[in-house]
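The residues making up each chain are set out below.
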Amino acid sequence: MKSMYTIIGLVALLLITSFMHPTFFQAKKGNENAPAPENEVQDDGDRSINFNEQWRFKRETDGKIEGVSDPDFDDTSWRQLDLPHDWSIELDFNPDSAATHEGGYLDGGTGWYRKTFTMPSSMKDKRISIDFDGVYMNSTTYLNGKELGTYPYGYNGFSYDMTDDLYTDGRENVLVVKVNNEQPSSRWYSGSGIYRNVNLTVTDPVHVERHGTFVTTPDLETAYEQDKADVNVKTKVENTSDQTAKAKVKSTIFDEDDKAVATVTSKAKQLEKGKVTDFEDNAIIDHPTLWDIEHAYRYKLVTEVIVNEKVMDTYDTPFGVRYFDIDSEEGFSLNGKDMKLHGASMHHDQGALGAATNARAVERQMQIMKDMGINAIRVTHNPASPELLEAANKIGLVVIDEAFDSWNHSKKEYDYGRFFNEWAEHDIKEMVDRGKNEPSIIMWSIGNEIVGTDSEDGVKTAKNLVNWVKEVDTTRPTTIGEDKTRGDKENVTPINKYIEEIFNTVDVVGLNYSENNYAGYHELNPDWKFYGSETSSATRSRGVYTHPYDYNQSTEYDDLQQSSYDNDYVSWGRTAEDAWKPDRDLKHIAGQFIWTGFDYIGEPTPYYDSFPAKSSYFGAVDTAGFPKDIFYYYQSQWKEEPMVHILPHWNWEDGEKVRVLTYTNADKVELFLNGESIGERSYESKETSWGSSYKETTDGDTYLEWEVPFESGTLEAVAKDKNDQVIAKDKVATAGEPAEVRLTADRQVIAADGKDLSYITVDVVDSEGNIVPDAENLVQFNLTGEGELVGVDNGNASSVERYKDSKREAFHGKALAIVESDKQSGEITLEASASGLSGDSTKILTVGDSASEMKKQVEYYEEQGEFASDKAAHALKVHLTAVSHYEEKGQAEKVVKHMRSFKVLLDDQKEDKSITEEAYQDLVINTDNLIEKWH
């Protein structure tokens, strides 16, 4: 460890001597129908300007609204809000909704957005475009009464050049977006509206084109053995001026410490007016650090376009140095290390937040998945949000980005299929072009369970899609998720000749629910590369334990729930264990992507058309983010850290025989009831045919089991290694009657940026603090301070309580409140109460992006006992005092330099356990934000 006192002394001496991923939020309360404030776009010299704030919105509910695109249209009575925004999630569930159960009974329809703004005269000679990350769906955009265009696909980004129709002389501009989400448009909950980020891009006429850089590391495996990385940089420079220009491109690569590690400048080229010119250069990074799931390290390419020795444009491209392989015999490897893809399929909604993208919400989902043992995400069945890719890049997850759920044969009346023939080439290229520099992405999927792949036309389409992908990116394989091969789930399924041709067209074959074909298809087609693109589809409800010994397919129960014993699953799917074993045992299978990581709104299988069932049961985690028992099963199979999990809860009838399971990666577990042993169960150590070790019982189970007559008290599982050393424990206790509400925040310090979130778990507990497993108390919330309650949930798939509310029933003893900051630093207080129970409250500190605000954060953590010693907190506060000094003087370079040193100190404190993990993570986030602000 570096000396803390050395760092303190250095800071004291210094005192004496001297591509952005924003997050967004739903409309703030109190904004509705307010007069629009001054809305001038600020010219701070930035290439990208956030354009989310101060829009007007109106949904058509009583017929069409006429004249909205007219700049003089009066929208003062409309609701004012900030983007991103999903209007569907704000509605009551409608049993007669055209969206049906698949869309979660939440209506779509037509909505209008208007924004009035002025542009400074300093932007008169700039090129200005508006960039949408995603609008669901079929949107038409107008500027000052002129139509800019219509874009149908709801999941891709798109851009319009506004330069020629934009006023920069003080006149107001009016931007209007019509969103037309006719229902049914999707097989899952899509959301409605401008639900992703919106930016303005401001450049000189000579600039890097949109998505205009491509950074690759050719032959990296060979180069890395020589302790280097050869870097190829392709740059597209656009000249939108009315005359030719002579330009060169300077490319500089920076490491995470902001140190330049490679620089190359191209030869000057003549840029024809109105044309795009390609540049290509090569550089070398010595002693490169690889991006990996354990160390998600990234470099940054800074591209400068230079005309007459003047920098006309600067463009940042984060990228990772990594290599991977998918082999027909050996499966998947990353940076030369074999690695099974322990994957989850994920839809895009954020539970109570709906489709409206929020970077913190997405990052929380991804971190929960990684905690489960996931190392890969398949984005289903549409291109990922920028926020998801950023979270995967940052946390260390590999990603399959998927283009379509339908080609030219629609699955729903108003889905994308009606636009496919006209837009497919553009849309798949847009997905690939946008993501081609993301280190997390390892495959491009051309579609999922597509209607028509068993036809000649399907083959033609597949070949076109693959060719279009390759026109943009040849460094990653193409794939498809195909389900027409599952057959009877036992025997090898004959392959349709057209599907076979498609499998020969893509680089990697993705099989949905076809574990019975893993071995046979490999024998028949040894050159094909395989993985399970969609597996399991087991259904379960958190905290529900019924028919413990019966394994049922697609069975509906009166309570509209499913059992958590891993014993309910769909007719085409398998239990988690049954889907895992073929993947585990066969080396050539690259891995699997379970259906699903999180529950999602819509598709409440098996309860089709069974209102109020409105969200899925497939997830290992419910919509609130609470793990179900199967979360721990995957941990036991996919993680090395010692763990044990016991199920079910321990509230039963006296003498009732209870099936008790433990999920563990230990060698054995001893079970204790009220301190008395009721037996030890153990695994045998086994090895696959390819030499991978695993644990199973003599009966072939990957869990340990007891039958225990119920007796009130505590049931404890004690996990041991081969030498009988205790390595993990878990227990469940009999709970009494509900006595109080208990609140626990995942983060008690958040950024005062108007978009950061704290997820607050609500537990209904007895007088001893035990969670009451059958509690359904209605919990009321009251929030005061610098923030807003933006969503409530409980993970109950058959609840149609509003997601936007100040109350929620507990489901099996738990509920969730989501709190969002505003832009004022201070405190948020959330109070929770329930009739007949003692209430609780929790405080959330909101801090600004300055060193003095971070010092408040450290002081708060010090008060909360998050530091092992006063010296640890003191060291951080002294350092932040120094940085505040440099902030006051505007010395950006010194701010960045010393915040990087501060980060080193944080790492040291984490290593020697001077600071808790929670406080460390929060401080790292705010440190990175401060560095980005001043960089």
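In case you missed it, the structure is sitting above this.
Criteria and cut-off values
- Residues numbered from 1 in each chain as written.
- Predicted model: local features only at pLDDT ≥ 70, side-chain atom pairs only at ≥ 80, totals over all residues.
- Heavy atoms only, no water.
- Axes fitted to C-alpha atoms, helices over the stretch in contact; angles between N-to-C directions.
- Helix = DSSP H or I, 4+ residues; strand = E, 2+ residues; numbered from the N terminus.
- Parallel < 35°, antiparallel > 145°, perpendicular 65-115°, else oblique.
- Contact = heavy atoms within 4.5 Å.
- Buried < 20%, exposed > 50% of the residue type's maximum accessible area, 1.4 Å probe, protein only.
- Pairing = 2+ DSSP bridges.
- Phe/Tyr/Trp six-rings, centres within 6.5 Å; stacked < 30°, edge-to-face > 60°.
- Salt bridge = Lys/Arg side-chain N within 4 Å of Asp/Glu carboxyl O.
- Left-handed = near helix turned anticlockwise from the far one by under 90°.
- Nonpolar A, V, L, I, M, F, W, Y, C, P; charged D, E, K, R; others polar.
- Patch = residues over 30% accessible without salt bridge, like charges linked within 9 Å, V, L, I, M, F, W, Y side chains within 5 Å.
- Areas by Shrake-Rupley, 256 points an atom, 1.4 Å probe, with all protein chains shown as cover.
- Lys, Arg positive; Asp, Glu negative; His and termini not counted.
- Charge placed at Lys NZ, Arg CZ, Asp CG, Glu CD.
- Core = buried A, V, L, I, M, F, W, Y, C linked by side-chain atoms within 4.5 Å.
- Polar contact = N/O pair within 3.5 Å; in protein donor to acceptor, adjacent residues only side chain to side chain.

A. Structural context of the packing of helix α3 (residues 359-372) against helix α10 (residues 629-638). Packing of α3 against α10 brings their axes to within 8 Å, and their N-to-C directions diverge by 55 degrees. When the axes of α3 and α10 are compared, the pair comes out oblique. Contact residues: α3 offers I368, D371 and M372, while α10 offers F631, Y634 and Q635.

B. Just helix α4 (residues 386-395), in detail. Most of α4 is tucked away: 9 of the 10 residues are buried. All buried positions along α4 are accounted for by P386, E387, L388, L389, E390, A391, A392, N393 and I395. Elements in contact with the buried residues of α4: α3, β23 (376-379), β24 (398-402), α5 (420-435) and β25 (441-448). Two residues or fewer past α4, G396 is found with a positive phi of approximately 100 degrees.

C. Focus on the sheet that holds strand β35 (residues 676-682). Here we have 4 strands laid out as an open sheet, ordered β35-β34-β39-β40, and antiparallel in their pairing. Of all the strands in the sheet, just β35 and β40 (726-733) have a single pairing partner and so form its edges. Pairwise comparison of adjacent strand axes, ignoring direction, gives a mean angle of 20 degrees for this sheet. Of the pairings in the sheet, the one linking strand β34 (residues 668-673) to strand β39 (residues 714-720) comprises 6 bridges and is antiparallel in character. Note that in β39 the partner of L671 across the bridge is A717.

D. Region of interest: the packing of aromatic side chains. Going through the model one piece at a time under the given rule, you end up with 36 aromatic pairs. Between the aromatic rings of W528 and F530, the centroid separation amounts to 6.0 Å while the plane-to-plane angle is 65 degrees, which identifies the pairing as edge-to-face. No difference in accessibility class separates W528 from F530, as the two residues are buried. Judged by centre distance (5.6 Å) and plane angle (70 degrees), the ring pair of Y545 and Y565 falls under edge-to-face. Here Y545 is found in the loop between β28 (530-536) and β29 (552-553), whereas its partner Y565 is found in the loop between β29 and β30 (568-569), with 20 residues between them in sequence.

E. Up close: the pattern of salt bridges. Applying the stated criterion to the full structure yields 65 salt bridges. A salt bridge links E501 to K463; the shortest N-O distance between them is 2.9 Å. One end of the pair, E501, is in helix α7 (residues 497-505); the other, K463, is in helix α6 (residues 456-472), with 38 residues separating them in the sequence. Note on K463: relative accessible area 36%, which makes it partly exposed. Residue R540 pairs with D566 through a salt bridge whose shortest N-O separation is 3.8 Å. On the criterion of sequence distance, the pair formed by R540 in the loop between β28 and β29 and D566 in the loop between β29 and β30 is long-range, its members being 26 residues apart. The exposure classification of R540 matches that of D566, with both residues buried. Within the structure, one salt-bridge network assembled from shared partners comprises K581, R584, D585, K686 and E696.

F. Focus on the side chain of R47. With respect to the element layout, R47 can be found in the loop between α1 (4-16) and β1 (48-50). Exposure remark for R47: the relative accessible area of 19% places this residue in the buried category. If near-sequence neighbours (up to four positions away) are discounted, R47 is found in contact with L200, T201, V202, T203, H207, V208, D313, T314 and Y315.

G. Quick look at unusual backbone geometry. Residue P84 is reached from L83 by a cis peptide bond, and omega for that bond is -5 degrees. Mapped onto the fold, P84 is located in the loop between β3 (79-81) and β4 (109-117). For the bond running from W595 to T596, omega is 0 degrees, close enough to zero to count as cis. For T596, the location among the structural elements is in the loop between β31 (589-595) and α10. The backbone of Y513 shows a phi angle near 55 degrees, a positive value even though the residue is not glycine. By the secondary structure assignment, Y513 is in the loop between β27 (508-512) and α8 (518-524). For Y513, a relative accessible area of 3% corresponds to the buried category. The phi torsion at E603 lies on the positive side, around 50 degrees, for a residue other than glycine. Within the element layout of this structure, E603 appears in the loop between β31 and α10. Among the residues examined, E603 registers a relative accessible area of 12% and is labelled buried.

H. Structural detail: the sheet that holds strand β44 (residues 778-785). The sheet built from 5 strands is open, its strands ordered β42-β49-β48-β44-β46 with mixed pairing. The open sheet is flanked by β42 (749-751) and β46 (807-809), the only strands paired with a single partner. Adjacent strand axes in the sheet meet at a mean angle of 25 degrees, parallel and antiparallel pairs treated alike. Two strands pair when backbone bridges link them, and strand β48 (residues 826-833) and strand β49 (residues 840-847) are joined in this way by 7 bridges, in the antiparallel orientation. If you follow T829 over to β49, its bridge partner there is K843. The strands touched by helix α11 (residues 851-863) are β42 and β49; relative to β49, the strand with the most contacts, the crossing angle is about 150 degrees.

I. Looking closely at the pairing of β49. Pairing of β42 with β49 involves 3 bridges; the strand directions are parallel. The partner of V749 across the bridge, within β49, is L845. Hairpin connection, β48 to β49: the antiparallel pair is bridged by 6 residues, and G836 has positive phi, about 80 degrees.

J. Layout of the environment of A283. By secondary structure assignment, the location of A283 is in strand β16 (residues 275-286). Accessibility expressed as a relative area gives 11% for A283, which makes it buried. Each C-alpha atom, one on A283 and one on V233, is 7.9 Å from the other, the two residues being 50 residues apart in sequence. Those residues in contact with A283, other than ones at most four positions away along the chain, are A229, D230, V231, I253, A262 and V264.

K. Up close: the packing of α5 against α6. Contact geometry of α5 with α6 gives a least axis separation of 9 Å together with a crossing angle of 35 degrees. Relative to α6, the crossing made by α5 is right-handed. For the pair α5 and α6, the contacting residues are F420, A424, E425, I428, K429, V432 and D433 in the first and T461, L465, W468, V469, E471 and V472 in the second. Considering only residue class, the contact of α5 with α6 consists of 8 nonpolar, 1 polar and 4 charged.

L. Quick peek at a negative patch on the surface. Taken together, the side chains of E653, D654, E656, E676 and E711 make up a negatively charged region of the molecular surface. With respect to the helices and strands, E656 occurs in the loop between β32 (644-647) and β33 (657-664).

M. Representation of the nonpolar core in the model. Residues Y113, I194, M369 and I377 are the most contacted members of the largest nonpolar core, which totals 148 residues. In terms of residue count, the dominant contributor to this core is α6 (7 residues). Those residues in contact with I377 that lie beyond four places of it in its chain are A344, M346, M366, M369, L397, V398, V399, I400 and F593. Listed in part, the 30 residues of the second largest apolar core include V847, A872, A919 and V924.

N. The side chain of Q183, seen in detail. With respect to the helices and strands, Q183 occurs in the loop between β9 (173-181) and β10 (198-203). Note on Q183: relative accessible area 15%, which makes it buried. Within the structure, the side chain of Q183 is placed 3.2 Å from the backbone nitrogen of S185, a separation counted as a polar contact. Residues in contact with Q183, not counting those within four places in the same chain, are A98, A99, L106, D107, G108 and Y414.

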